[in-house]
Amino acid sequence: MYTTTWCGYCRRLKVQLDQAQIPFAEVDIEQDPEAAAFVRSVNGGNQTVPTVRFPDDTALTNPPLAKIKEKLAETDNA
């Protein structure tokens, strides 16, 4: 999950993922230029966070927890 330290939506999503026991790695796009470039590439040039990247290299921007669970179920069944 791509984040920034000041993003309230990121903090909320991290809590939800923890509560749902969904493991994730956090990457601060303000500290990692390559991560920031990826986020821009999937968000029309914007550094919008949280951006969640999945094992199949797709991404969702500011997704609700239900969408993350749905996407993970799809990739598990692929």
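Residues numbered from 1 in each chain as written. Predicted model: local features only at pLDDT ≥ 70, side-chain atom pairs only at ≥ 80, totals over all residues. Heavy atoms only, no water.

- Identification of the chain as Glutaredoxin-like protein from Segniliparus rugosus is taken from an unreviewed UniProt entry.

## Section: the side chain of Asp28
And step 1. Along the chain, Asp28 falls in strand S2 (residues 27-28).
And step 2. No salt bridge is formed by the buried Asp28; the nearest opposite charge belongs to Lys14, separated by 8.6 Å.
And step 3. Within the structure, the side chain of Asp28 is placed 2.8 Å from the backbone nitrogen of Glu30, a separation counted as a polar contact.
And step 4. Each residue touching Asp28, except ones within four places of it in the same chain, is listed here: Thr3, Thr4 and Thr5. (Helix = DSSP H or I, 4+ residues; strand = E, 2+ residues; numbered from the N terminus. Buried < 20%, exposed > 50% of the residue type's maximum accessible area, 1.4 Å probe, protein only. Lys, Arg positive; Asp, Glu negative; His and termini not counted. Salt bridge = Lys/Arg side-chain N within 4 Å of Asp/Glu carboxyl O. Polar contact = N/O pair within 3.5 Å; in protein donor to acceptor, adjacent residues only side chain to side chain. Contact = heavy atoms within 4.5 Å.)

## Focus: helix H1 (residues 8-19)
And step 1. Taking 1.5 Å as the rise per residue, H1 with 12 residues should run 16 Å; its terminal C-alpha atoms sit 17 Å apart, in good agreement.
And step 2. Among the residues of H1, those classed as buried are Cys10, Leu13, Lys14 and Leu17. For H1, the arc enclosing every buried residue in end-on projection is 105°, short of the 170-degree limit, so these residues lie on one face.
And step 3. At its buried positions, H1 is contacted by strand S1 (2-3), strand S3 (51-53) and helix H3 (65-77).
And step 4. Just downstream of H1 lies Gln21, where phi reads positive at about 55°. (Expected span 1.5 Å × (residues − 1). Arc of directions from axis to C-beta.)

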